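Topology and contacts: notes
In case you want the letters, here they are:
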Amino acid sequence: MPGPAPAPGPAAGPLTAALTAYAAVAGGDGPAVVVADRPDATVVRVGGAVAKAHAADTDLAALGSRLAVAAHPRMRDILLPPYRPAAGALSAEGRAVSVWPYGRPVDPGDPRAAPWEDAAVLLARLHSVPPAELPGPLPPMRGPAKAARAMARLRAAPDSAAARTVRLAWRRLPGWARDETPREGRAAVCHGDWHLGQLVRYPAPDGRWLLIDVDDLGLGEPGWDLARPAMWFAAGLLAPEVWVRFLAAYRDAGGTAVPGDGDPWGRLDVPARTLAVQSAATAVTKAAREERDLDEAESELLATCARIAHLK
């Protein structure tokens, strides 16, 4: 489950200075704060506007399609719309930049107030949008590609018993989940990297909940968007009653990732196992880099990988 959000810091440096200027032009007013600063995303907020520098290797055509989808009227009340729905029109330090209105995120310090049902309804609506009604062509959803990148980082880390367990579990997954072969059959519009950190209230502070972060949006297996809470539930990291509420809300809203009743795991098992392996790969890589043992939650993910590795 998402941990505490990093404390915003003051903006500094050429990249954050450029993002500050973009946010100010969009109407932001007040001090600039760095909301995130990672290789895949640097985000600066100025009042009611947010500027985001995407990863340096971002596919501009795919990002342009994703931004156009977020700005499309069909996605109203589902996705937060950008101020500038065109990739490549803005850039800073060699990275594409998008600009967004500010929305208030989920409070990580109050897990009981997490909007699980609202999130489920938003995902159900997203999955129900006919791709033909959106500007295209839509790129593939990037969930499997992110899982494959997590495994590549693990292979570059020092070898260990934990790493070997994760790699064995990875080999038990089908090719489409490892981003090696196309996924055959149905495809829906998917978020691609959904978790509670991908929700904001807009207008802030008490507007409606909307989905954010379209970097992985695209066509794919809709079960992937339910995979993280499904994996947390299966690993014992999410309370059963929360999972039941989330799944019921998704079904009641007409979501297409699982059948309307009965056992959902025929559709969720592979995505959930893949997210467990991806999360464990990230945890083992991070622990090796920091020269420490796995914590309790990370150990649970490794135990899940051990079970996956020994599935027949």
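Going by the structure above, here's the rest.
First, a word on what this report is: a plain description of the structure on this page. (Residues numbered from 1 in each chain as written. Predicted model: local features only at pLDDT ≥ 70, side-chain atom pairs only at ≥ 80, totals over all residues. Heavy atoms only, no water.)

Some details on the overall build of the chain
What counts is decided by this rule: Here a strand is any run of E in DSSP of at least two residues, a helix any run of H or I of at least four, and the numbering for each starts at the N terminus. C-alpha atoms define the radius of gyration, and 2.2 Å times the number of residues to the power 0.38 defines the globule rule. Relative accessibility under 20% of the residue-type maximum defines a buried residue, over 50% an exposed one, and the middle range a partly exposed one, all with a 1.4 Å probe and only protein chains included. Should any heavy atoms of two residues lie within 4.5 Å, those residues are considered in contact. Values of accessible area rely on a 1.4 Å probe in the Shrake-Rupley scheme; residue burial ignores everything except the protein chains shown. When charges are counted, neither His nor the chain ends are considered; positive counts come from Lys and Arg and negative counts from Asp and Glu. Charge placement uses NZ in Lys and CZ in Arg. For Asp and Glu, CG and CD serve respectively.
From N to C terminus, the chain includes nine helices and eleven strands. Taking 312 residues into account, the globule formula puts the C-alpha radius of gyration at 20 Å, and the chain, at 19 Å, falls close to it. Its C-alpha atoms give the chain principal-axis dimensions of about 55 × 45 × 40 Å. Within the chain, the fraction of its 312 residues that count as buried is 48%. Look at the contacts in the chain between residues 6 or more apart in sequence, and 70% of them connect residues 24 or more apart. For the chain, the computed accessible surface area is about 14,400 Å², with 55% contributed by carbon and sulfur atoms. Across the chain, the 35 positively charged side chains and the 35 negatively charged ones have centroids separated by 3 Å.

A word on helix 3 (residues 116–128)
To keep things clear, this is the line we draw: Any helix carries an expected span of 1.5 Å times its number of residues minus one.
The end-to-end C-alpha distance of helix 3, which contains 13 residues, comes to 18 Å, matching closely the 18 Å that a straight helix rising 1.5 Å per residue would cover. All buried positions along helix 3 are accounted for by Trp 116, Ala 119, Ala 120, Leu 122, Leu 123, Ala 124, Leu 126 and His 127. At its buried positions, helix 3 is contacted by strand 8 (188–190), strand 9 (199–202), strand 10 (208–211), helix 6 (224–234) and helix 7 (240–252).

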